[in-house]
Structure formats: C-alpha cells, structure tokens
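The primary structure of each chain is shown beneath.
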Amino acid sequence: MKKRFHFFVTLPILMVLGSTLFFLFLPYLFDLYLFPRLMAELPFTEKELSLSRLSPWKIRGTLTLADEDRPTLSVPRFELLYTPSSLIQGKIAGLLLDSASLQVEMQGRHPVIRGLPSDNSSDMQADKTSSFLLPLAVETIILKNCSITFHRDLQKPINILVGGRFSLGFLEQPEHKKLLSTLSGQIQVGGDLSLGGEFGFKSVDNGYKVHLNLQAPDISQLAHLSPEFQNVQLTGGLSLSGQANFNHLNNQITSYEATVKFPRFRFRKNDLIFENISADKPVTLQSSGNLKKAQYALTNIVLVEPEETTLDLKGELEIFKRTFNGLGQLFLARTNTTAKINYQGTYDESRTEISYQLAGNAFTIEDTLSINSFTADGKVEVQGSTVTATLNSRIPEIALKKNNTRLVNLSLHLPFQYPPLRTDAAGSLRIEKIHYQGVNSGKLRAKLLPSAEGMAFTTLLTSPFVPDLQLACKGSAQLTSDITVNCHFPETRFDSSTFPDFLKLPDELSFNGKLAAVGELQIKDKVPAGKLTVDYRDGTLTHGENELSDINLGVVFPHLPLLQSSRGQLCTIGSLNLGKVKLSDARIRFRIENDQAISLEKIRLSWCGGKVETGGFSLSREMKELETTLYCDRLGFTELLGQFGIDQTEGQGSLNGRLPIHISRQGLVFDDGFLFSTPGNSGIVRFNDTKQLRQGIPDINKSAYLDYSMKALGNFSYNWTKLSFNSQKDDLLITMQLDGKPAEPLPFGYKNGQIIPSNRGPGLQHPIRLDVNFRLPLQDLFQYGKNIQSIMENM
C-alpha cells in the first residue's frame, strides 16, 4: 500500500520535472536539429532562427537572415501566443514582431527583398500560387517599432518605420491547411514617409477584396526621396482611399478603384509653381481598372506661375502594351478661355514618350490683344530626370488693338529640354505679314537657340517700304527672367516717297538719305536699361520749293527706355535754300528731351559770307509759336540785299546785328530787327537798278537832288549803313539807311544853293543821307506759303 502511494506521489512530480526539462531542452533541440532543416531551402547564406523561451502558451525567439554578410531580415524578438487547445485546432492567438528590420533593394523601379530572386523568376511565380495557404491560422499580428529600408544605387537609402495591429480570419482547407479569408487593422508609417490609416481585405469567390484608407498629413518628405525632386519645394497633405479585387489562384488584381486627394498642395521648382484651387477643391487623382487596362482622371490642379492655368486630364493606360492616351482641358485665367489637348504615348522603365495635339479658341486680353483660334502639336520625352520636348504652333492672326497692328500667319517651332543638357537644338519663329494701319509693313524671321541658362535668339525684320532694310537682333532670355537684346541695321538708303500712308508727313514734305542704327537693351531684376545710336547721312529734305541738303546727324539715347538723348548732339546741313534766302554750313547742337519735345542748344550757320547764331530754345508739340533771335556777324552787305530781292547790287562791306523772329501757324514775323555796318569800316556799293531804289525813297520835291542821289548810288562810297527789318501784315518792311557821298565827282553843280545838273567845273561830291524802304511779300521771299502752318499742325 505504501509502495502504491509512493508511486502516485512520485509520478506527477516526475511528469512535471520531465515536462520542465522537455521545454527547457526543446528550444536547444529545435535550434540544433529542426530549424536548420526547415530553413535549408531558403536562398540566404546566413540563416539563424533561435528560441529563447518555449512554454505551453508562448514561444519567444529571434530570426536573422543575411546574404553574403549583408543583412536581409533581422527580428530581435518575436513572440507566438497560443494555448494547447488552440494549437490542436491549428490556431495561434497572436504574433508579435518587435524591432524587426527588412532590407529591400531597388532594381530599376521594382523593390526586391535582398537575397531573394526577382518576382519574375519561375520559382517565385510557383510560390505565389500558395502564398495564402498556411499550416496555422494567426488571429492577430502586431508590428512594433519595425522598419523597412529601401537601398538605391548612388542614392541615400529610404528608411520607413512601421507599426500596426491586424486581425486575421481563416477558412479551413484540405490537408488541414488554412486559407487567409479576412484581414483588417490600423497601420502607422513614419521615418522618411509618414502616413497612417486603415487597411484590410476579405475573401470572395476565388480571391480577395482589398480596401484601404490612408492619410499623409505632410508630403514634404517626398521631395527628398528621389533625385527627380531635387531643388523642389513640396508642401501639403494627401488622403488615399480605394479597393481592389485580387484573384489568389493566379495572384492577379482583377479590378481596382483608387482616389488620391491633395486638399493642401503646392509644388515649386524655380519659377514653375503648381497648387490646388482651394481647400474645398483638392487636387484629385482617380484611377480604376485592372492589370491590363486602367482609366485615370486628374482634376483641379493649377499652374500658378509663370501663367495661371487650370489643368484637367482623363485617359486610359494599357499596362501590358505600355501605352497610354488621354484628353485634357486647359483653362487660362488671364484670358478666361479653354484649350483642349489630345495626347498618346508609350513608356518603359527608363523612358516615356508623348505625342500631343493642342487646339485653342480665340480670345482677347484686356481689350488690347486678341488671338485667333490656334493649333499646336509636338512631342515630349522623359528619360530619368530629363524632359525633352518640341512645340509646333500655328496662329492665323494676332491683333494688337491699341496701335492697329495685326501679325498674320505665325508659325513657331520650339525645342525644350529641362535640365538643359543640349544646346544644339534650334527653334524658329516666322511672321509672314505684319500689318500696321491696314498696310503690310514687314515680316519677321527668328531663330531660337536653347542654352543652359534659358533661350538665345536671333531675329531679322524686313519691310517693303525700305527694300534694303534688314533690322537684325540677337539676344537671350534667361530662366531668371533677365533679358539681353542687341540690334542693328547697316547703313541703308531710303526715300520717304516709298513710305505708306499711315506715316503722314506735312504737305509737300519729302526726305531721303542713308540711315543706320545700333541698340542694346537689358532687363535685369525686372529693371530695363539700354542704349540706342542712330546715324542719318547724306540726307536731303524738301518742303515745297525749300530744300535742305547734305544733312548729317547722329543721336545717342544712353538711358533706354527713357527716350532722351545725350546733350550736345550734332546735326550738320551743307546748304539751306529757303526761297531766295540761301544759307550753308549749318551746325546745330541739340538734345531730344522725349517723344514730345526737342531742345535746340545752339545753331550756327553761314549766310552771305558771314555767320549767324541763335541762343537755345525748345520745340514741342504743344507750342503755338516759336520766338528766337538771329545774331548776325559780318554778313555781306550787297549779297544780303540780293537775297532779299534788291537785285543788281554789288560792292563791299559787311553788316552785324540781330534779327528777332516769331514763327507760328500764321507765318514768319520779323520784330524790330536791325543790321548795321561796322563803324570805321566804310566801303563802296553800286546799285545798278536805281529804278527799284527810286520807288522806295520818300517823295523829294527837288527832282535834281533825287537825280543826283540816284546817280550817286550807282557808285557810292558810304560811311555807314543800317538795315531795319519789321513785318507789316504779310510783308517784310526793310528800311535801308545810307550815309556817304559819290565815289567820284558827278556832273552836278550849285546854283542859288541848290544842286543842279552841270557839265562845267570838276563836278560835285556832295555828302548825302538816304532812307530807302523796301516792301517784300514774306511768303514769296521765303517760299513757305502754307508750309509753316502744315508743319506745326503735324508736329
């Protein structure tokens, strides 16, 4: 009896002791014998699975997989929670993965777990067919402080932290296997990518229906994950929701729907800025389809800079064929118009090619610019981070309303590459006709050359009005918005008779000559500055019967766009024929103040063998009359009389003085001008037409004295003379005062104190003083007619 009692007491103790020893030594036995066999087929050079604790309710251990000393998977602690009864049913209550890290290598754009063959290998394809059949059912999976690292060639790795809790459901299958039927749970992702939300799926006929709902409050981290986003500012958040049907028999997605929304979105690279319209109109990307064909739509994205444009796209993607197509609509805020775009393309792992066609409606900008309906087409190629594109555009007409200008038949070919690695691609711009004021005024050719900094260009403008005119320009437009332009046209002969009607000149005015110009303009930090030099040579200006010839001038505008020349610009005129008045060798110093006024700083010219100068004065469109004074120095006496219509006069002597004049629409007025001979410098003058003089001498009762005076003027030695100039209505009144005596004795004598004709004696040289008046029509004298009025009305 005692032996039996001792047996029953000892047996449980031995069983407990045996079980304890069994569970203590079981991890060691698994590590030594079982796990190496189970892991022998795994394609890793280092494989270690170790249990640190084993009980009827929990297994704790570590797992390490590596490939050639490079870690693949490291699980410092995992736990399996269960009960003996659940194990009998093939269930595990929970799986905890703590601080697990997985290493993934990017092969092209596809992630591959380090040490495993790619998804395209036959072994992987075979394994996928049973990937959801498991020997045990795990009811709960907990991820704690786990990480996934994506390794990229020559780039910084991407490290993602993962945490979450998932509930799983299984269906019984033959051979005591479990088919995963449901999964749901919460996931949180941090590190280089932050997002969180719900994820799950459930089984349906021959597959699963997957659903997810994720949010990323800050997408700025995405700009650091790819070299394509270098120098990119990316801000905002996103939400991702969708569902998909998955066939577990062939491991393929049979259909899916997904929507990504960016309620706050801003993308900026240099001056290129995209953002959403408003918070209630987020940028939205929708996609649906399957692995063969997918449909997509992108809405509410706005290009803010350089020109506000709203973009909507929708299209179709054929995945196996690697082709896509679509339709788009562009809305331009400035013009309140839309343009439609149609595109097709192909893609592979390294390149995307797109062909597009664009059609836009006619539009007007602020009642100043209108553009007819236009078309464009071209190609876009994306290879890595480089975008290469071409644009071919045709615009029938652009109208500039303010100055009545129409640009007819524009064609543009523009190559584009970003980043700009090539500089050999050239574009072109052609404008077949430039209509101004309804007249074909020219055509333009331009060559466009992309550069690393922006766009260089050369242009050539020709005009039918000046057949030999070729205005050539070259310059560049930088990505920084800085612009540089240099223009010139070589010396070209022109004639105003070929000018169109819109270049209205005063009546009977014409001119010709040779014209040349050189200019430059820079716009830096949105501030323009430039210089323009214009040369006019061998010019002739004709106005009625008046003519200016041998005109030469140069004008420098040093501070464009300010239309003001430098001081002291010089204009020379070889000869000035103003009716009967002849001048020469004019030198005019001037300054152009603006497009409305010019300052004449100093005028000097030759007249009748002497010099004439004026002080400074201004001319402007608003002025009604001009006042100035001609300062005369050593003008030839007889030559001056001849130009003023007192003909057949010869002799010596010069005159000095001043001639104040007024010029208005009514004509030319002399205001109390005078010229006088130099004191102490007498001379001889001969008036061969004394009949003209007799008409200008006031009545003299003594006819013998008048005869003596007329004969004396035929060869007169004067002591001094003075000419006075005044206007009376339309006439010029010249009063000539002469003081002197006959150069030789005349056949006259005295009788009773009176001068009488006499041939007796030595003759008479009696001193005389004469006042002679000449009344001359100003219009006939200067031949201006109505020309002054016409000129001033057209200033």
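Parameters and conventions
All residue numbers refer to positions counted from 1 along the written sequence of the respective chain. Residue-level local features of this predicted model are given only where pLDDT is at least 70; pairs of side-chain atoms are given and counted only at 80 or more, and the full residue set underlies all totals for whole chains, interfaces and linings. Hydrogens and water molecules were not included; the side-chain quantities draw on all heavy atoms of the structure. The helix and strand labels rest on DSSP assignments: H or I over at least four residues marks a helix, E over at least two residues marks a strand, and numbering proceeds from the N terminus. Contacts were defined at the residue level, with two residues in contact if any of their heavy atoms lie within 4.5 Å. Using the Shrake-Rupley algorithm and a 1.4 Å probe, accessible areas are obtained, with residue cover drawn only from the displayed protein chains. What counts as a disulfide here is a pair of cysteine sulfur atoms lying within 2.5 Å. Relative accessible area decides the class of each residue, using a 1.4 Å probe on protein chains only: under 20% of the type maximum gives buried, over 50% gives exposed, and in between gives partly exposed. We call two N or O atoms a polar contact when they sit within 3.5 Å, provided that within protein one can donate a hydrogen and the other can accept it, with sequence-adjacent residues counted only if both atoms are side-chain atoms. When DSSP finds two or more bridges between two strands, those strands count as paired. The patches described consist of residues with a relative accessible area above 30% and no salt bridge, like charges being joined within 9 Å and nonpolar side chains (Val, Leu, Ile, Met, Phe, Trp, Tyr) within 5 Å. When a carboxyl oxygen of Asp or Glu lies within 4 Å of a side-chain nitrogen of Lys or Arg, that pair is called a salt bridge. Here the positive residues are Lys and Arg and the negative ones are Asp and Glu; neither His nor the chain ends is included. Taken as the charge location is NZ of Lys, CZ of Arg, CG of Asp or CD of Glu. Scored between 0 and 100, pLDDT is the confidence that the predictor attaches to each residue. Buried residues of nine kinds, namely Ala, Val, Leu, Ile, Met, Phe, Trp, Tyr and Cys, make up a nonpolar core once their side-chain atoms join them within 4.5 Å. The pairing test for Phe, Tyr and Trp rings, Trp by its six-membered ring, is centres within 6.5 Å, and the orientation test on the planes gives stacked under 30 degrees, edge-to-face over 60, and tilted for anything in between.

1. What about the overall build of the protein chain?
What the protein chain contains, in helices and strands, is eight helices and 52 strands. If you take every contact in the protein chain between residues at least 6 apart in sequence, the share linking residues at least 24 apart comes to 47%. Total accessible area computed for the protein chain in this model is approximately 44,900 Å², and 56% of it derives from carbon and sulfur atoms.

2. Structural notes on the state of the cysteines
Taken as a whole, this structure holds one disulfide when the rule is applied. In this model, Cys473 is linked to Cys487 through a disulfide, with the two sulfur atoms separated by 2.0 Å. Looking down the S-S bond of the Cys473 and Cys487 bridge, the torsion is 115°, so its handedness is right-handed. Here Cys473 is found in strand E32 (residues 466-478), whereas its partner Cys487 is found in strand E33 (residues 483-495), with 14 residues between them in sequence. You can call Cys487 partly exposed: its relative accessible area is 21%.

3. Structural notes on unusual backbone geometry
Of the consecutive residues Leu560 and Pro561, the connecting peptide bond is found in the cis state with omega at 5°. Within the fold, Pro561 resides in the loop between strand E36 (546-560) and strand E37 (569-578). Its identity as a non-glycine residue notwithstanding, Asn300 has a phi of 65°, on the positive side. Position of Asn300 among the secondary structure elements: in strand E19 (residues 293-305).

4. Observations regarding the environment of Ser393
Examined against the element boundaries, Ser393 turns out to sit in strand E27 (residues 386-400). Owing to a relative accessible area of 12%, Ser393 belongs among the buried residues under this scheme. Between the alpha carbons of Ser393 and Gln357 there is a distance of 9.7 Å; along the sequence they are 36 residues apart. If sequence neighbours within four positions are ignored, Ser393 has contacts with Thr375, Ala376, Leu410, Ser411 and Leu412. Side-chain polar atoms of Ser393 contact the backbone oxygen of Thr375, separated by 3.4 Å.

5. Looking at the pairing of strand E49 (residues 731-742)
Note on strand geometry: in a regular strand, side chains alternate between the two faces of the sheet. Counted residue by residue, E49 has nine buried out of twelve residues, so it is predominantly covered. Inspection of the sheet shows strand E48 (residues 716-728) paired to E49 by twelve bridges, in the antiparallel sense. Residue Phe725 lies in a different strand from E49, and its bridge partner there is Ile734. Hairpin connection between E48 and E49: a loop of two residues separates the two successive antiparallel strands, and Lys729 in this loop has a positive phi of roughly 55°.

6. Here we look at a negative patch on the surface
Taken together, the side chains of Glu46, Glu48, Glu68 and Asp69 make up a negatively charged region of the molecular surface. Mapped onto the secondary structure, Glu48 falls in strand E1 (residues 46-54). The exposure class assigned to Glu48 is partly exposed, which follows from its relative accessible area of 48%.

7. Here's the deal with the confidence of the model for the protein chain
In low-pLDDT regions, the fine details of the predicted coordinates are not to be read closely. When pLDDT is averaged along the protein chain, the result is 81; 86% of the residues meet or exceed 70. This model gives residues 120-131 a pLDDT under 50, and the stretch forms eleven contacts once residues within four places in sequence are excluded. Below a pLDDT of 50 lies the segment residues 785-795, which in the model reaches 27 contacts outside its immediate sequence neighbourhood of four places, other chains included.

8. Here's the deal with the environment of Thr533
Within the secondary structure, Thr533 sits in strand E35 (residues 527-543). For the pair Thr533 and Val555, spaced 22 residues apart in sequence, the C-alpha separation works out to 5.7 Å. In contact with Thr533, other than residues within four places in its own chain, are Ala516, Ala517, Val518, Val555 and Val556.

9. Quick notes on the nonpolar core
The tendency in soluble globular proteins is for nonpolar side chains to be buried side by side. One finds Trp607, Phe637, Leu640, Leu675, Leu723, Phe725 and Met736 to be the most contacted residues of the largest nonpolar core, which totals 69 residues. For Leu640, the residues in contact, after removing those within four places along its chain, are Trp607, Cys608, Leu635, Leu655, Leu675 and Leu723.

10. Describing the side chain of Thr284
Relative to the assigned elements, Thr284 resides in strand E18 (residues 283-289). In this structure Thr284 comes out as buried when scored by relative accessible area, which is 8%. For Thr284, the side chain forms a polar contact with the main-chain oxygen of Pro282, separated by 3.1 Å. When neighbours within four sequence positions are excluded, Thr284 is seen to be in contact with Thr259, Val260, Lys261, Ala297, Leu298 and Thr299.

11. Things to note about the packing of aromatic side chains
For the coordinates displayed, the defined rule picks out twelve aromatic pairs. Both rings, one in Phe324 and one in Tyr347, keep their centres 6.4 Å apart while their planes meet at 40°; by these two values the pair is tilted. Remark: Tyr347 occurs in strand E22 (residues 337-347) and Phe324 occurs in strand E21 (residues 323-332); sequence separation between them is 23 residues. A residue is classified by how much of its surface remains accessible, and Phe324, at 13% relative accessible area, is buried. Seen in terms of ring centroids, Tyr708 and Phe748 are 5.4 Å apart; in terms of plane orientation they differ by 80°. Their pairing is edge-to-face. One end of the pair, Tyr708, is in helix H6 (residues 703-713); the other, Phe748, is in strand E50 (residues 748-751), with 40 residues separating them in the sequence. Exposure remark for Tyr708: the relative accessible area of 0% places this residue in the buried category.

12. Describing the pattern of salt bridges
Under the criterion given, the structure shown has 21 salt bridges. Measuring nitrogen to oxygen at the nearest pair gives 3.7 Å for the salt bridge that ties Asp538 to Lys514. Of this pair, Asp538 sits in strand E35 while Lys514 is found in strand E34 (residues 509-524), placing the two residues 24 residues apart along the sequence. For Lys514, a relative accessible area of 25% puts it in the partly exposed group. When the shortest N-O distance is used, the salt bridge between Arg604 and Glu613 registers 3.3 Å. Assessed through its relative accessible area of 26%, Glu613 is described here as partly exposed.

13. What to know about the environment of Gly610
In this structure, Gly610 sits in strand E40 (residues 610-614). Measuring from C-alpha to C-alpha, the distance between Gly610 and Phe637 comes to 10.0 Å, with 27 residues separating the pair along the chain. Not counting the four nearest positions on each side in its chain, Gly610 is found in contact with Leu605, Asp633, Arg634 and Leu635.

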